[in-house]
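One-letter residues, chain by chain:
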Amino acid sequence: MARRTQRFTEDDYDSLDGRASKTEQKKAVQRMAALGAQLAELPKKKIEKLPVEERLIDALLDVQLITAHEARRRQFLRIGKLLRNEDESIILSYLTPQQGLKKTAQLQRWVDRMIAQGDPAIKEFIKMYNAAEHHPIRQHCLRVQRDIKQELGEEAIAASRLNMFNYIQQVALISDNS
């Protein structure tokens, strides 16, 4: 087989920036399925009031009627897929009352600490929360640090921080219930 004559350039790698690998996509679906499992535990009236698509509400109500283990697992994967189309902040706002304000403030401090300290803080967070993964947290952290370094607008930095906080909050919710 002939060797490739063209070398990759920095632009080639920049075009891949922010794109999730297949493994990361699968783990995101599993995370969403776990969040869907927590949403399904909410009372029926709360589920019906969720500001999401009707298909998702129907799927959440259907899973409460399913008793077979494999069928429930597949239904939660379907719910996870439907949740990808929804705003994470809205979904998390319905689940965070279970955590409480103290826990939310603690997670915000973790985000600030990980952005400031980097890998040592990330490793410490991973030890405390078993659903946490090093690579996605590090990517979120690097994205926020890059936005700060490039002196992008406050909106861009706030959006990056919010994405990181949403991920940390999801990890904390999943870790608390597993």
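Preceding this paragraph is the structure being described.
These numbers come from a predicted model, not from an experiment.

Engineer: Would you mind showing me how to read the environment of Gly-80 here?
Structural biologist: Mapped onto the elements, Gly-80 comes out in helix α5 (residues 69–83). Look at Gly-80 and you get buried, because its relative accessible area is 0%. The spacing of Gly-80 and Leu-35 is 45 residues in sequence and 7.6 Å in space, taken between C-alpha atoms.

Engineer: Hey, could you run me through the nonpolar core in this one?
Structural biologist: Proteins that are soluble and globular tend to have nonpolar side chains buried together. Core analysis: the biggest nonpolar cluster contains 23 residues, and Leu-35, Leu-39, Ile-47, Leu-56, Leu-60, Ile-79 and Leu-83 have the highest contact counts within it. Mapped by element, the contributors of at least two residues to this core are α2 (22–40), α4 (54–63), α5 and α6 (88–95). For this core, the element with the most residues is α4, which contributes 6 residues. In this structure Ile-47 touches Leu-39, Ala-40, Leu-42, Ile-57, Leu-60, Leu-61 and Gln-64, once residues within four positions along its chain are discounted. With 19 residues, the next largest nonpolar core counts Leu-107, Phe-125, Cys-141 and Phe-165 among its residues.

Engineer: Would you explain helix α7 (residues 101–117) in this entry?
Structural biologist: Note on helix geometry: an α-helix contains 3.6 residues per turn, so any two residues three or four positions apart are oriented the same way. Taking 1.5 Å of rise per residue, 17 residues should cover 24 Å, and α7 covers 24 Å from first to last C-alpha, within 8% of that figure. Taken residue by residue, α7 has Lys-103, Leu-107, Trp-110, Val-111, Met-114 and Ile-115 as its buried positions. Buried residues of α7, seen end-on, are gathered within an arc of 130° and therefore sit on one face of the element. Turned more than 90 degrees from where α7 packs its buried face, Leu-101, Lys-102, Arg-109 and Ala-116 sit exposed. Directly beyond the C-terminal end of α7, a positive phi value near 80° is found at Gly-118.

Engineer: I'm lost on the packing of aromatic side chains in this one. Help?
Structural biologist: The description of two aromatic rings rests on the distance between their centres and on the angle between their planes. Tallying each qualifying case throughout the model produces 2 aromatic pairs. Relative to Phe-125, the ring of Trp-110 has its centre 5.3 Å away and its plane inclined at 70°; by these criteria the two rings are edge-to-face. With Trp-110 in helix α7 and Phe-125 in helix α8 (residues 119–128), this pair connects stretches of sequence that are 15 residues apart. Phe-125 matches Trp-110 in its accessibility class, with the two residues each being buried. Taken together, Trp-110, Phe-125 and Tyr-129 form an aromatic cluster joined through their ring pairs.

Engineer: Hey, could you run me through α4 in this one?
Structural biologist: Every buried residue of α4 is accounted for by Leu-56, Ile-57, Ala-59, Leu-60, Leu-61 and Val-63. In this structure, the buried side of α4 is in contact with α2, α3 (44–48) and α5.

Engineer: What should I look at first to understand the side chain of His-140 in this one?
Structural biologist: Considering the arrangement of structural elements, one finds His-140 in helix α9 (residues 134–149). In this view, His-140 contacts Asn-163, Met-164 and Tyr-167; residues no more than four positions away in its chain are not counted.

Engineer: Is there a simple way to think about the environment of Lys-81 in this case?
Structural biologist: Along the polypeptide, Lys-81 turns up in helix α5. Under the relative-accessibility criterion, Lys-81 is labelled exposed at 54%. C-alpha separation for the pair Lys-81 and Gln-30, spaced 51 residues apart in sequence, amounts to 9.2 Å.

Engineer: Just checking my understanding: could you explain the pattern of salt bridges for this structure?
Structural biologist: A side chain of one charge can pair with a side chain of the opposite charge if their charged atoms are brought near each other. Enumeration according to the criterion identifies 7 salt bridges in this entry. In this structure, the salt-bridge partner of Glu-70 is Arg-73, at a minimum N-O distance of 2.6 Å. Linking Glu-70 with Arg-73, this pair stays in helix α5, spanning 3 residues, or about one helical turn. Glu-70 gets classed as partly exposed once you look at its relative accessible area, which sits at 38%. Each of Glu-70, Arg-73 and Arg-74 takes part in salt bridges that share partners, so that together they form one network.

About the thresholds
Residues numbered from 1 in each chain as written. Predicted model: local features only at pLDDT ≥ 70, side-chain atom pairs only at ≥ 80, totals over all residues. Heavy atoms only, no water. Helix = DSSP H or I, 4+ residues; strand = E, 2+ residues; numbered from the N terminus. Buried < 20%, exposed > 50% of the residue type's maximum accessible area, 1.4 Å probe, protein only. Core = buried A, V, L, I, M, F, W, Y, C linked by side-chain atoms within 4.5 Å. Contact = heavy atoms within 4.5 Å. Expected span 1.5 Å × (residues − 1). Arc of directions from axis to C-beta. Phe/Tyr/Trp six-rings, centres within 6.5 Å; stacked < 30°, edge-to-face > 60°. Salt bridge = Lys/Arg side-chain N within 4 Å of Asp/Glu carboxyl O.

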